[in-house]
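Chain residues, written in single-letter form:
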Amino acid sequence: YLGKNRKIFYYSKLSYLNENKTVNLTFSPSFNYSKFKFKIDLEYFLDLEESSLLTNDWSPIGIMEKIDYLELQLFDERLDLFLGEISDLTFGHGYLLNKYGNNYNYPIDKNIGIKLKIKNSNNSISYTSFVSNVDYFLESGGLIGNHLSFLISDSFPAMLNSLS
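These numbers come from a predicted model, not from an experiment.

Asker: Can you tell me about the overall build of the protein chain, naming the residues and giving the values?
Answerer: Scanning the protein chain from N- to C-terminus turns up 2 helices and 12 strands. For the protein chain, the α and β elements follow one another from N to C terminus as β-β-β-β-α-β-β-β-β-β-β-α-β-β. Across the protein chain, contacts joining residues at least 24 apart in sequence account for 40% of those joining residues at least 6 apart. Within the structure as shown, the protein chain displays about 10,800 Å² of accessible surface, and the carbon and sulfur contribution to it stands at 57%.

In structure tokens, the structure reads:
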């Protein structure tokens, strides 16, 4: 696309959600710069009927849930911090967690999660942790996962998983 050197983007959208009889107005600015990426979806639902399940939540947690992603990479990409919609998260070979996502009920319910990945300089040890829903976590609940992987040799990787 044109303008690959630009670091700030935005798009807007006007749509009609037929099943919910609602008009969706969206403005989404995004910022991409080297090790920092951020996008927020400022959505407003204009209900055409009283029975719509879609709400306009502008509380502090509601505004935080409008963040599509906030990604920060530090220490030569050895520490990755991600805040936003979690999608396609797999631990190990997928027996414990396979292509997990936290926003299957969007736009009725949008969740914001946190994912942290830490690895050493030669990628032989890595640790991944995630919180599926920050709102539930703050109320002492929700899905939390940890994954530790270390490479003993190229033919023998060892993994330790925890999901609670």
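Asker: Give a description of the environment of K35 that names residues and reports values.
Answerer: Looking at where K35 falls in the secondary structure, it is placed in the loop between β2 (22–33) and β3 (36–40). Overall, K35 belongs to the partly exposed group, its relative accessible area being 34%. Sequence separation between K35 and L74 is 39 residues, and the spatial gap between their C-alpha atoms is 7.2 Å.

Asker: Tell me about the nonpolar core, and please be specific about residues and values.
Answerer: Counting 6 residues, the largest nonpolar core consists of I86, L89, F91, L97, Y100 and F130. Residue assignment for this core shows that the elements contributing at least two residues are β7 (89–91) and β8 (97–100). Counting residues in hydrophobic clusters, the runner-up holds 5 residues, among them I40, I67, L83 and I112.

Asker: Report on unusual backbone geometry, specifying residues and quantitative values.
Answerer: One non-glycine residue with positive phi stands out, namely F75, at about 55 degrees. Residue F75 is classed as exposed on the basis of its relative accessible area of 59%. If you check the backbone angles, E77 has positive phi at about 65 degrees while not being a glycine.

Asker: Tell me about the layout of surface pockets, residues and numbers included.
Answerer: Of the voids in this model, the largest pocket is the one considered here, and its volume is about 280 Å³. Around the largest pocket sit 17 residues that line it, and F82, L89, K115, K117 and T128 are the ones nearest its centre. Mapped by element, the contributors of at least two residues to the lining of the largest pocket are β6 (79–84), β7, β9 (113–119) and β10 (125–131). Across the lining of the largest pocket, the residue classes tally to 6 nonpolar, 6 polar and 5 charged.

Asker: Can you lay out the side chain of S124 for me, pointing to particular residues and giving the numbers?
Answerer: Along the chain, the position of S124 falls in the loop between β9 and β10. Only 2.8 Å separates the side chain of S124 from the side chain of N122, close enough to count as a polar contact. Discounting chain neighbours no more than four positions away, the residues touching S124 are S149, F150 and L151.

Asker: Go over the pairing of β3 with me, naming the residues and quoting the values.
Answerer: Remember that side chains alternate between the two faces of the sheet whenever the strand is regular. Pairing geometry for β2 and β3, over 4 bridges, is antiparallel. Paired with F31 across the two strands is F38, which belongs to β3. Once β2 ends, the chain turns through 2 residues before running back antiparallel as β3, passing S34 with a positive phi of about 45 degrees. Pairing of β3 with strand β5 (residues 67–74), which is carried by 5 bridges, proceeds in the antiparallel orientation.

Asker: Which residues make up the packing of aromatic side chains, and what values do they have?
Answerer: Under the criterion given, the structure shown has 3 aromatic pairs. Arranged with centres 6.5 Å apart and planes meeting at 25 degrees, the rings of F31 and Y33 form a pair that is stacked. Assessed through its relative accessible area of 30%, F31 is described here as partly exposed. Ring geometry for F31 against F36: centres 5.9 Å apart, planes inclined by 55 degrees, an arrangement best described as tilted. What makes F36 partly exposed here is its relative accessible area of 29%. Just above the ring of F82 sits the side chain of K115; from NZ or CZ to the centre is 5.6 Å.

The rules we used
- Within each chain, residue numbers correspond to sequence positions counted from 1 in written order.
- The model is predicted, so local features are restricted to residues of pLDDT at least 70 and side-chain atom pairs to those at 80 or more, both for listing and for counting; the totals for chains, interfaces and linings are taken over all residues.
- In computing side-chain properties, one takes all heavy atoms of the structure into account and sets aside hydrogens as well as water.
- A run of H or I in DSSP counts as a helix once it spans at least four residues, and a run of E counts as a strand once it spans at least two, with each numbered from the N terminus.
- Residues count as neighbours in contact if any of their non-hydrogen atoms are within 4.5 Å of one another.
- Areas reported here follow the Shrake-Rupley algorithm with a probe of radius 1.4 Å; residue values treat only the protein chains shown as occluding.
- We call a residue buried when its accessible area falls under 20% of the maximum for its residue type, exposed when it is over 50%, and partly exposed in between, using a 1.4 Å probe and counting protein chains only.
- The term nonpolar core refers to a set of buried residues drawn from Ala, Val, Leu, Ile, Met, Phe, Trp, Tyr and Cys, joined through side-chain atoms within 4.5 Å.
- A cavity here means a set of points on a 1 Å grid, drawn over the protein atoms and nothing else, where a 1.4 Å probe fits but cannot get out; a pocket is an open set with protein on both sides within 12 Å along at least five of seven lines, and a residue lines either one if it has an atom within 4 Å of a point.
- Grid points are joined across faces, edges and corners, and a volume is the space filled by probe spheres set on the points.
- By the convention adopted, Pro, Cys, Tyr, Trp, Phe, Met, Ile, Leu, Val and Ala count as nonpolar, Lys, Arg, Asp and Glu as charged, and the other residues, Gly among them, as polar.
- Any N or O atom pair separated by 3.5 Å or less is treated as a polar contact, with the protein-specific requirement of one donor-capable and one acceptor-capable atom, and with residues adjacent in sequence counted only for side-chain atom pairs.
- Paired strands, in this sense, are two strands between which DSSP finds at least two bridges.
- Each aromatic pair joins two rings of Phe, Tyr and Trp (for Trp, the six-membered one) with centres within 6.5 Å, and gets the label stacked for planes under 30 degrees apart, edge-to-face for over 60, and tilted for any other angle.
- Throughout this description, the term charge over a ring refers to an Arg CZ or Lys NZ atom that lies within 6 Å of the ring centre and within 35 degrees of the ring normal.

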